[in-house]
Amino acid sequence: MSEVKLNAQVRTEFGKGAARRTRRANQVPAVIYGHGAEPVHVSLPGHELWMALKTANVLISLDIEGRNELVIPKAVQRDAIKRTLTHVDLLAVKRGEKVTVEVEVKTEGDLAPGSFLIENVLNTITVEAEATHIPESVTVSIEGLEAGASIHAKDIPLPKGTTLAIDEDAVVIQVLSAQAEEPAGEAEGETEGAEA
């Protein structure tokens, strides 16, 4: 897992006006929580943070005016229209510390021949991993599966040092048969028969 380095500045002004000024300066307001310490309010460089957040559960090394702090994103708020970052909550972590995070579930392979559909019951699963070794995603094979098949959380291979933090019997993916549409002629015939 890669580590992204960003410079952070401590914020001393709060409220909507201060947040707007921060965003106008191409900075993003953020708050760092964790380890029982008082929350630290900082501003981060907007473009660099946006690029870093393209990686799920990215580990960020912050230089807060000469002091280093490792964090992972906990909650990201975006402008509904522009999709720009408006605020980020960060969780302070330490090397070797275990954290609980959501990771994306990806599939590989092809279903058995026929009209089958994949239903992603869960798009992410909750896992516990060492803060500096959080997987970006997990991948499970759907090769040859037919209607009625299910993949449970316990069936998903996890990287070394990562454990499930949800019910191992939770259904993550299931395979369904595609519903065939009723031919138009039959449906019309039923209507005529009902009227008679």
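The structure displayed is predicted, hence computed values, not measured ones.

Residues Val105, Ile125 and Ile156 are the most contacted members of the largest nonpolar core, which totals 21 residues. Looking at this core, the elements with two or more residues in it are strand S5 (67–78), strand S7 (98–108), strand S9 (124–130), strand S10 (137–141) and strand S13 (171–177). Among the elements that take part in this core, S7 stands out by supplying four residues, more than any other. The contact partners of isoleucine 125, leaving out residues within four places of it in the chain, are Val101, Glu102, Val103, Val105, Val138, Ile156, Leu158, Leu164, Ile166 and Val172.

This next bit is on the confidence of the model for the protein. Taken over all residues, the pLDDT of the protein has a mean of 86, while the share at 70 or more is 90%. The model gives residues 186–196 a pLDDT under 50, and that stretch makes two contacts with residues more than four places away or in other chains.

This part covers the pairing of strand S2 (residues 27–33). Among the seven residues that make up S2, six are buried, leaving the element largely enclosed by the rest of the structure. Pairing of S2 with strand S3 (residues 40–45) involves six bridges; the strand directions are antiparallel. Looking at the pairing, proline 29 lines up with serine 43 of S3. With antiparallel pairing between neighbouring strands as the criterion, S2 and S3 make up a hairpin whose turn holds six residues, including glycine 34 at a positive phi of roughly 125°. Relative to strand S6 (residues 85–93), S2 runs parallel, the two being bridged by four bridges. Among the inter-strand pairings, isoleucine 32 is bridged to a residue of S6, identified as leucine 90.

Of note, threonine 86 is situated in strand S6. Judged by relative accessible area, which is 18%, threonine 86 ranks as buried. Once residues lying within four places of it in the same chain are set aside, the contact partners of threonine 86 are Arg23, Val28, Pro29, Gln77, Arg78 and Asp79.

Here we come to the environment of serine 177. Structurally, serine 177 can be placed in strand S13. Between the C-alpha atoms of serine 177 and histidine 87, which are 90 residues apart in sequence, the distance is 43 Å. When sequence neighbours within four positions are dropped, the list of residues in contact with serine 177 reads Ser115, Phe116 and Ala147.

A few words now on the sheet that holds strand S12 (residues 163–164). Here four strands make up an open sheet; going across it, the order is S10-S7-S9-S12 and the pairing mixed. Strands with a single pairing partner mark the edges of an open sheet, and in this sheet they are S10 and S12. In terms of strand pairing, S7 meets S10 through five bridges, oriented parallel. The residue of S10 that forms the bridge with glutamate 104 is serine 137.

This part is about helix H1 (residues 16–24). Buried within H1 we find Ala18, Ala19 and Thr22. One side of H1 carries all its buried residues, which in axial view fall inside an arc of 100°. The exposed residues of H1 that point more than 90 degrees off its buried face are Lys16 and Arg24. Residues of H1 that are buried make contact with S2 and S3. Where H1 terminates, the next one or two residues include asparagine 26, which has phi positive at roughly 60°.

This next bit is on the sheet that holds strand S8 (residues 116–120). Each strand in a sheet pairs with another by means of backbone hydrogen bonds, the pair being arranged parallel or else antiparallel. Read across the open sheet, the three strands follow the order S8-S13-S11; overall the sheet is antiparallel. Each edge of the open sheet carries a strand with a single partner, namely S8 and strand S11 (150–152). Within the sheet, the average angular offset between the axes of one strand and its neighbour, ignoring direction, is 15°. Looking at chain direction, S8 and S13 are connected through five bridges and run antiparallel.

The rules behind these values
Residues numbered from 1 in each chain as written. Predicted model: local features only at pLDDT ≥ 70, side-chain atom pairs only at ≥ 80, totals over all residues. Heavy atoms only, no water. Core = buried A, V, L, I, M, F, W, Y, C linked by side-chain atoms within 4.5 Å. Buried < 20%, exposed > 50% of the residue type's maximum accessible area, 1.4 Å probe, protein only. Helix = DSSP H or I, 4+ residues; strand = E, 2+ residues; numbered from the N terminus. Contact = heavy atoms within 4.5 Å. pLDDT = per-residue confidence, 0-100. Pairing = 2+ DSSP bridges. Arc of directions from axis to C-beta. Axes fitted to C-alpha atoms, helices over the stretch in contact; angles between N-to-C directions.

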